[in-house]
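# Structural characterization, general
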Amino acid sequence: MKYLYIIMFLFLCIVSCEDVVEVDLDTATPRLVIDAALELNEDGSTTSTVSLSRTAGFYEENNPIVTNASVVINESNGTTHNFRHIGGGVYESNTINLIDNEVYTLIVEDGSDIYTASQTLERTVPIATVEQLVLDNLDPEITRITVLYDDPVGLGDNYLFTYQDQYNDELDVGDDEFTDGNRAPSIFFMEDLPVGTVITLGIKGIDSDCYRFYETLLQQTESGGPFDTQPATVRGNIVNSVNEENFPFGYFRISEVFFTEYTVQ
């Protein structure tokens, strides 16, 4: 019996001494993350936003936001548009009117670093219709939402698609390599989507470089936002003009956009 008590005592000591161990991972120097978009809306107004944050360590849940940067857009005629920080690392301007063939240059000053990129407006087409199919033979139940659009004749059109409901925020991209001049789909598969859910669907014009950027990013991102920690480096179109090696993550795009709302049946 004495030996039984000794074994039980040793077992309890082993169990009670278990500790949670965090592996000391090598952490790269934080980089600036720039998500910059100028969007020409259907009513002719412009939405101009630049979101700034920094990459975070493995054990950090959120990326630190940047609130004290200088953000401007310059036009080729010398006009400068200053952005103001409105909270959460988001900077906005309400003075830009987007026109075709104008070159818009983004300049972000963060400490001693200056980040720049130039773009022109990319046009697109409106969403033609939305279709829904419930795959109820699966567990969990899957709802397929298909966005259909009419690609114009002539190769070179690229698209960024957005899906948003109360709980989900998804992206997709497409080009016209195999759909030139035809009606084409973009498809979102959503789990357990309740009847009555209101979905906002968007189509945005992008250039071929932006298409490749998002395509690569989406291939690497199984979950979470498109600018979360990446398995491999995905370079965007923004450069650091002071220190080329300290390049940022993210992209600067200028898009004509169309949105439509759909209610799940």
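Structure's up top.
Below is a short write-up of the structure. Since the model is a prediction, treat every value here as computed from it, not as a measurement.

Ordered by their spatial adjacency, 8 strands build an open sheet running S5-S6-S2-S1-S16-S14-S11-S12, and the pairing between neighbours is mixed. Edge strands, defined here as strands with exactly one partner in the open sheet, are strand S5 (84-87) and strand S12 (169-175). Neighbour-to-neighbour, the strand axes of this sheet turn through a mean angle of 30 degrees, independent of strand direction. Against the sheet, helix H2 (residues 208-220) engages strand S1 (32-40), strand S11 (158-164), S12, strand S14 (198-206) and strand S16 (249-263), with an angle of about 130 degrees to S12.

Another aspect to go through is H2. Here H2 is 13 residues long and its end C-alpha atoms lie 19 Å apart, about the 18 Å a rise of 1.5 Å per residue gives. Of all the positions in H2, only Cys210, Tyr211, Phe213, Tyr214 and Leu217 are classed as buried. All buried residues of H2 fall inside an arc of 165 degrees around its axis, so they share one side.

Its place among the elements puts Ser53 in strand S2 (residues 46-54). Ignoring anything within four residues of it in the chain, the contact list for Ser53 reads Arg31, Leu32, Val33, Asn63, Pro64, Ile65 and Val66.

The next thing to look at is the packing of aromatic side chains. Here the structure, examined in full by the defined rule, presents 7 aromatic pairs. Measuring from ring centre to ring centre gives 5.0 Å for Phe213 and Tyr251, while their planes differ by 40 degrees; the resulting arrangement is tilted. One end of the pair, Phe213, is in helix H2; the other, Tyr251, is in strand S16, and 38 residues separate them in sequence. Comparing Phe213 with Tyr251, the two get one shared label, buried.

The subject of this paragraph is unusual backbone geometry. Here the residue pair Asp139 and Pro140 is connected by a cis peptide bond, since its omega of 5 degrees sits within 30 degrees of zero. The phi dihedral of Asn101 falls on the positive side, at around 70 degrees, and the residue is not glycine. Despite not being glycine, Asp192 shows a phi value in the positive range, around 45 degrees. Here Asp192 is to be found in the loop between strand S13 (183-191) and S14.

For Asp175, the position within the fold is in strand S12. Placed 20 residues apart in sequence, Asp175 and Leu155 show a C-alpha to C-alpha distance of 8.7 Å. Ignoring anything within four residues of it in the chain, the contact list for Asp175 reads Tyr149, Asp157, Asn158 and Tyr211. At 3.4 Å, the side chain of Asp175 forms a polar contact with the backbone nitrogen of Glu177.

Thresholds, definitions, all that
Residues numbered from 1 in each chain as written. Predicted model: local features only at pLDDT ≥ 70, side-chain atom pairs only at ≥ 80, totals over all residues. Heavy atoms only, no water. Pairing = 2+ DSSP bridges. Helix = DSSP H or I, 4+ residues; strand = E, 2+ residues; numbered from the N terminus. Axes fitted to C-alpha atoms, helices over the stretch in contact; angles between N-to-C directions. Contact = heavy atoms within 4.5 Å. Expected span 1.5 Å × (residues − 1). Buried < 20%, exposed > 50% of the residue type's maximum accessible area, 1.4 Å probe, protein only. Arc of directions from axis to C-beta. Phe/Tyr/Trp six-rings, centres within 6.5 Å; stacked < 30°, edge-to-face > 60°. Polar contact = N/O pair within 3.5 Å; in protein donor to acceptor, adjacent residues only side chain to side chain.

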